[in-house]
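Structural description and commentary
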Amino acid sequence: QVQLVESGGGLVQTGGSLRLSCAASGRTFSAYVMGWFRQAPGKQREAVAVITSGGSTNYADSVKGRFTISRDNAKNTVYLQMNSLKPEDTAVYYCAADPTGRGLYNYWGQGTQVTVSS
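Here's a quick rundown of the structure.

Rules used in this analysis
Residues numbered from 1 in each chain as written. Predicted model: local features only at pLDDT ≥ 70, side-chain atom pairs only at ≥ 80, totals over all residues. Heavy atoms only, no water. Disulfide = S-S within 2.5 Å. Helix = DSSP H or I, 4+ residues; strand = E, 2+ residues; numbered from the N terminus. Buried < 20%, exposed > 50% of the residue type's maximum accessible area, 1.4 Å probe, protein only. Salt bridge = Lys/Arg side-chain N within 4 Å of Asp/Glu carboxyl O. Polar contact = N/O pair within 3.5 Å; in protein donor to acceptor, adjacent residues only side chain to side chain. Contact = heavy atoms within 4.5 Å. Pairing = 2+ DSSP bridges. Axes fitted to C-alpha atoms, helices over the stretch in contact; angles between N-to-C directions. Phe/Tyr/Trp six-rings, centres within 6.5 Å; stacked < 30°, edge-to-face > 60°. Core = buried A, V, L, I, M, F, W, Y, C linked by side-chain atoms within 4.5 Å.

**Notes on the state of the cysteines**
A complete count under the given rule lists one disulfide for this structure. What pairs with cysteine 22 in a disulfide is cysteine 95, and their sulfur atoms sit 1.9 Å apart. Measuring the twist about the S-S bond at about 45°, one finds the cysteine 22-cysteine 95 disulfide to be right-handed. Remark: cysteine 95 occurs in strand S9 (residues 91-98) and cysteine 22 occurs in strand S3 (residues 18-24); sequence separation between them is 73 residues. Each member of the pair cysteine 22 and cysteine 95 is classed as buried.

Structural data, given as structure tokens:
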């Protein structure tokens, strides 16, 4: 069983920055593909950024050049640095773990709210 706990959300003005953290339990965190997802009110959940066990990353087009995903395997933590935030980034952000690398995110955190004011 993997437990994920997000932190770092909050209220920020347009153009501001936030860093989200996701602390994971489990001895094999370094082997997991980790992802950040978000869901805005009335919208479907979407993938924001993914990082593989080897450190390769992928981003949604809407956040490329503004968001950076990273991981610290010694701390069992994945981060999402969000810069140049826009009101359309407002959403609940979730981290998720894919233990097998097959695109199946079996474990999810509780989510953290990010609100960007205009």
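**Side note on the pattern of salt bridges**
Considering all chains together, one arrives at four salt bridges under this definition. Connected via shared salt-bridge partners are Arg38, Glu46, Arg66 and Asp89.

**As for the side chain of threonine 112**
Its location among the elements puts threonine 112 in strand S11 (residues 112-117). At 3.2 Å, the side chain of threonine 112 forms a polar contact with the backbone nitrogen of glycine 9. With residues up to four places along the chain from it excluded, the contact list for threonine 112 reads Glu6, Ser7, Gly8, Gly9, Leu20, Ala91, Val92 and Tyr93.

**Notes on the sheet that holds strand S8 (residues 77-82)**
Remark on secondary structure: sheet strands pair via backbone hydrogen bonds, oriented parallel or antiparallel. Spatially, S1-S3-S8-S7 is the arrangement adopted by the four strands of the open sheet, whose pairing is antiparallel. Every other strand in the sheet has two partners, leaving strand S1 (4-7) and strand S7 (67-72) as the edge strands with one partner each. When strand polarity is set aside, the average angle formed by the axes of neighbouring strands in this sheet is 15°. Where S3 and S8 come together, six bridges link them in antiparallel fashion.

**Overview of the packing of aromatic side chains**
According to the stated counting rule, one finds four aromatic pairs in the structure shown. Here phenylalanine 37 and tryptophan 108 contribute two aromatic rings whose centre-to-centre distance is 4.8 Å and whose plane-to-plane angle is 55°, an arrangement assigned as tilted. With phenylalanine 37 in strand S4 (residues 33-39) and tryptophan 108 in strand S10 (residues 107-108), this pair connects stretches of sequence that are 71 residues apart. A residue is classified by how much of its surface remains accessible, and phenylalanine 37, at 10% relative accessible area, is buried. Considering the side-chain rings of tyrosine 105 and tryptophan 108, the 6.3 Å spacing of their centres and the 55° angle between planes classify their relative orientation as tilted. Looking at tyrosine 105, the relative accessible area reads 18%, which means it is buried. On the basis of relative accessibility, which here comes to 29%, the residue tryptophan 108 falls in the partly exposed class. An aromatic cluster is built from Phe37, Tyr105 and Trp108, whose rings are joined through pairwise contacts.

**Describing the nonpolar core**
One finds Met34, Trp36, Leu80, Met82 and Tyr93 to be the most contacted residues of the largest nonpolar core, which totals 30 residues. Of all the secondary structure elements, the ones that give two or more residues to this core are S3, S4, strand S5 (46-51), S7, S8, S9 and S11.

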